[in-house]
Amino acid sequence: MKIAPTLNGGMRIDAESAEDWQILRYLPYDARPQELAQRLADATEEDTTDWREYVLPDLQDSFTQQIAFVYHAIEKAAAEAKEQEGALFVEKEDALTWYGALNQARLTLQAMHQLPQTPSELQGMEPERRGAFYRSQFYCIIQTLLIERVL
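Rules used throughout
- Residues numbered from 1 in each chain as written.
- Predicted model: local features only at pLDDT ≥ 70, side-chain atom pairs only at ≥ 80, totals over all residues.
- Heavy atoms only, no water.
- Pairing = 2+ DSSP bridges.
- Helix = DSSP H or I, 4+ residues; strand = E, 2+ residues; numbered from the N terminus.
- Axes fitted to C-alpha atoms, helices over the stretch in contact; angles between N-to-C directions.
- Buried < 20%, exposed > 50% of the residue type's maximum accessible area, 1.4 Å probe, protein only.

> Whenever I open this one, the sheet that holds strand β1 (residues 2–5) confuses me. Can you help?
In a beta sheet, neighbouring strands pair by backbone hydrogen bonds and run either parallel or antiparallel. The 3 strands are arranged β1-β2-β3 in an open sheet whose pairing can be described as antiparallel. Taken across any chain shown, the strands that pair with only one partner, and hence form the sheet edges, are β1 and β3 (86–90). When the angles between neighbouring strand axes are averaged without regard to direction, this sheet yields 20 degrees. Across 4 bridges, the pairing between β1 and strand β2 (residues 11–15) is antiparallel.

Structure (structure tokens):
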């Protein structure tokens, strides 16, 4: 997989195989917007009755919309490429949506798997948790590129 800026200020993700498309498809699965919104509500020790009633539904809706947008973009690009070599474009105006979805995925993976900070801590780790670590790192790279080149 290759990632590069585009001339119009966006970003291009080149999937080189069906396996690359599968890696990209983990993103919506990893994000789990309802779980993240609920964890944010649970993180405070204050009475959150009003927050849960007035803010949480909108937050969950916003998270869900970000993930749905990214999911459809991935599926459309994969279908156009017939699951083979092809490109997925992140337009400049969609960069914040992508950034939000990537952030949701990273936060969710961290909360679910208590991921280590460095690859040196991966030795002896079960495969599912190790995969979550590498996906989180991949999402972080894309976020960094979005910040440096698009936003």
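> I tried to follow the pairing of β2 on my own but got confused; where do I start?
Every other side chain in a regular strand lies on the same face of the sheet, so the side chains alternate between the two faces. Among the 5 residues of β2, 4 are classified as buried, and the element is accordingly described as predominantly covered. Note: β2 against β3, 5 bridges, orientation antiparallel. In the strand pairing of β3, A15 is matched with G86.

> Is there a simple way to think about unusual backbone geometry in this case?
Outside of glycine, negative phi angles account for most residues, and trans bonds account for most peptide bonds. Of note, the phi angle at K82 is positive, near 55 degrees, even though the residue is not glycine. By the element assignment, K82 lies in the loop between α3 (49–80) and β3. Judged by relative accessible area, which is 67%, K82 ranks as exposed. With a phi close to 45 degrees, Q114 is a non-glycine residue in the positive phi region. Structurally, the position occupied by Q114 is in the loop between α4 (95–113) and α5 (127–150).

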